[in-house]
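# Descriptive structure summary
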Amino acid sequence: MPAADANSLAGLAQLVERGDLVVPPYPAAAIKLRRLIEGGDYGLGDVATAAGADPALAATLLRVANSSMYRAQGPAITTLGRAVHRLGARSIATMAVAAALSATACGDGALVEVKYRVWRRSLCCALLSQKLATTRGLDGEEAFLAGLLFGFGRSVAVGCLERVLPKQGPVQQRTLLEWLAAVEPYRCELARRVAEQWQLPSELVAAISPKSDGVEAGGLAELVGLADRLTGLADRGDSAEQIAGDSGLLPKERGALTEFLSALPAALEALMDSPKVMPGRSASVAPVSKPKTHFTSEPRKLCIKLADLKNRKDPRPLEGLTISLDGICFHSPRPMAESSVARLSLGEAKTALEGWFCILACVSDGSRFRVEAQPFAATRELRELLNALWSDAAGPSGRIPVAR
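Residues numbered from 1 in each chain as written. Predicted model: local features only at pLDDT ≥ 70, side-chain atom pairs only at ≥ 80, totals over all residues. Heavy atoms only, no water.

On to the overall build of the protein chain, then. From N to C terminus, the protein chain includes 15 helices and 7 strands. Considering only contacts within the protein chain whose residues lie at least 6 apart along the sequence, 67% involve residues at least 24 apart. Carbon and sulfur atoms make up 53% of the accessible area of the protein chain, which amounts to about 18,800 Å² in all. (Helix = DSSP H or I, 4+ residues; strand = E, 2+ residues; numbered from the N terminus. Contact = heavy atoms within 4.5 Å. Areas by Shrake-Rupley, 256 points an atom, 1.4 Å probe, with all protein chains shown as cover.)

Here it is in structure tokens:
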């Protein structure tokens, strides 16, 4: 371990113990919206006007309202007033918190990949908490905010780590998973401190940090803990079917969860920007180490057409390389941000199956980029297709077929 980085994790613990934290203030736009709604004398037009005063928030709300999680079939929503009608006034106020925190949570820094990963999980937890709240007789917007803050403690911890990493010289490299494990012990404490600094109700504090101040955590804490666990399963590559089989779910929630997971990646895409691609970053000084491959199972030749659907009107062809039980590897003509979620199509255009993938690695390979991608909350159909492609690639002799 380089001497300059020997005490980084100890430095994180000391910052937390001293309370020397950088906690963003409660977002101004969210305060304005919350006061308007709590006053009671408002219309949807008033909410739209208040939200529209923040152009970035307005753009986010339009994207969210048009995502598959909230939009039924029909023409796209193009006005903020219609977006407010679709999402609801109280939901607008809580989403304003998420939109404002996103810039802080995913800001530039040495651990930007880690920041993006923990913030994505926070948003997943918030959306799932909101979805499941109605089936348990809980307030959906309180559940959204509790789910968001439950994971935001991880974001604060990563920010602290960046402060204690050496500014110059070598750093001890750790994998993404190792960095995630390093901040996890501080999640609960830091989430509680954010909620208290924001002077949130004691019930919300108890939900994100059980056993705090003697307040009984209750059903909201149980719900948020379940949502975080389930989104953690999605984060590690479990299929939607596997996630829906979790024993903590009520029977009536399983079908709703499967539907939710199919729309989740599009909602995430609407709520947060992808991390920046940093092709010029030196791997020797980056604190996040890059393994040669993220996959553990045998790679086999991937013989299927692929396309990147970032621009659905003009899909970008990709060149398939290999497939394993963990995911797929392909060449892309452009770099793809690590830790982002991308929508890909597999197969011929008319019969292609679409799916969402988490980009695990993207490295320069001549004039192209070699990308490893893992399914994100994969549907049963996508998982069956990937398993079939992997099985078929071995051929009757068990050897990988040679392309002609």
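With that out of the way, let us pick up the confidence of the model for the protein chain. Residues of the protein chain with pLDDT of at least 70 account for 89%, and the chain-wide mean is 86. The secondary structure element of the protein chain with the lowest average pLDDT is helix H1 (residues 8–18), at 86, and the one with the highest is strand E4 (residues 328–332), at 97. Scored below 50 in pLDDT, residues 279–284 shows 9 contacts in the model against residues more than four places distant or in partner chains. Scored below 50 in pLDDT, residues 397–404 makes 12 contacts in the model with residues more than four places away or belonging to other chains. (pLDDT = per-residue confidence, 0-100.)

When the terminal C-alpha atoms of helix H14 (residues 251–271) are compared, their 29 Å separation across 21 residues agrees well with the 30 Å that a helix rising 1.5 Å per residue should span. For H14, the principal kink sits at Ala263 and spans about 40 degrees; a proline, Pro265, occurs within the next four residues. Among all positions in H14, only Glu253, Leu257, Phe260, Leu261, Ala263, Leu264, Pro265, Ala266, Ala267, Leu268, Ala270 and Leu271 are buried. (Expected span 1.5 Å × (residues − 1). Bend = angle between axes of the 7 residues up to and from the residue. Buried < 20%, exposed > 50% of the residue type's maximum accessible area, 1.4 Å probe, protein only.)

Before going further, it helps to examine the side chain of Ser91. Within the secondary structure, Ser91 sits in helix H6 (residues 89–105). Residue Ser91 is classed as buried on the basis of its relative accessible area, which comes to 2%. If sequence neighbours within four positions are ignored, Ser91 has contacts with Gln130 and Glu141.

We now examine the pairing of strand E3 (residues 316–323). Along any regular strand the residues' side chains alternate between the sheet's two faces. Sheet analysis places strand E1 (residues 300–301) next to E3, joined by 2 bridges and oriented antiparallel. Among the inter-strand pairings, Lys301 is bridged to a residue of E3, identified as Thr322. Relative to E3, strand E2 (residues 306–308) is paired through 3 bridges, and the arrangement is antiparallel. Residue pairing in the sheet places Ala307 in a bridge with Pro317 of E3. When E3 meets E4, the two strands line up antiparallel, connected through 4 bridges. (Pairing = 2+ DSSP bridges.)

Moving on, we get to the nonpolar core. Counting residues in each nonpolar core, the largest one holds 105 residues, and the members touching the most others are Trp119, Leu127, Trp198, Leu257 and Phe376. By residue number, the principal contributor to this core is helix H8 (residues 140–164), which donates 13 residues. Not counting residues within four places of it along the chain, the set of residues in contact with Leu257 comprises Leu128, Leu230, Ile243, Ala244 and Leu249. Counting 21 residues, the second largest nonpolar core, distinct from the first, contains Ala342, Cys362, Ala378 and Leu382. (Core = buried A, V, L, I, M, F, W, Y, C linked by side-chain atoms within 4.5 Å.)

Turning our attention to the environment of Leu220. Secondary-structure assignment places Leu220 in helix H12 (residues 218–235). When the C-alpha atoms of Leu220 and Ala143 are compared, they prove to be 6.8 Å apart, with 77 residues separating the residues in sequence.

With that out of the way, let us pick up the packing of H8 against helix H10 (residues 187–197). At a minimum axis separation of 7 Å, H8 and H10 run at an interaxial angle of 105 degrees. For the element pair H8 / H10, the angle class is roughly perpendicular. Mapping the contact onto sequence places Leu149, Phe150, Phe152, Gly153, Arg154, Val156 and Ala157 in H8 and Arg187, Leu190, Ala191 and Val194 in H10. Its residues placed into classes, the contact of H8 with H10 shows 8 nonpolar, 1 polar and 2 charged. (Axes fitted to C-alpha atoms, helices over the stretch in contact; angles between N-to-C directions. Parallel < 35°, antiparallel > 145°, perpendicular 65-115°, else oblique. Nonpolar A, V, L, I, M, F, W, Y, C, P; charged D, E, K, R; others polar.)

Turning to unusual backbone geometry, a few remarks are in order. Glycine aside, negative phi is the norm for most residues, and most peptide bonds take the trans geometry. For Ser339, which is not glycine, the phi dihedral falls at a positive 80 degrees. Relative to the assigned elements, Ser339 resides in the loop between E4 and strand E5 (341–346). Even without being glycine, Ala377 reaches a positive phi, approximately 50 degrees. Among the structural elements, Ala377 can be located in the loop between strand E7 (368–375) and helix H15 (380–393).

Bringing the pattern of salt bridges into the picture now. Inspection of the entire model under this criterion finds 25 salt bridges. The residue Glu38 makes a salt bridge to Arg34 at a minimum N-O spacing of 3.9 Å. Here the residue Glu38 and the residue Arg34 both occupy positions in helix H2 (residues 28–39), the gap between them amounting to 4 residues, near one helical turn. Ionic pairing is found between Arg120 and Asp235, a salt bridge with its closest N-O pair at 2.5 Å. (Salt bridge = Lys/Arg side-chain N within 4 Å of Asp/Glu carboxyl O.)

Before going further, it helps to spend a moment on the packing of aromatic side chains. Under the criterion given, the structure shown has 2 aromatic pairs. With centroids separated by 4.9 Å and ring planes inclined at 85 degrees, the aromatic side chains of Tyr26 and Trp198 adopt a geometry described as edge-to-face. With Tyr26 in the loop between H1 and H2 and Trp198 in the loop between H10 and helix H11 (202–208), this pair connects stretches of sequence that are 172 residues apart. A residue is classified by how much of its surface remains accessible, and Tyr26, at 14% relative accessible area, is buried. Measuring from ring centre to ring centre gives 6.0 Å for Trp119 and Phe152, while their planes differ by 75 degrees; the resulting arrangement is edge-to-face. Of this pair, Trp119 sits in helix H7 (residues 112–133) while Phe152 sits in helix H8, placing them 33 residues apart in sequence. (Phe/Tyr/Trp six-rings, centres within 6.5 Å; stacked < 30°, edge-to-face > 60°.)

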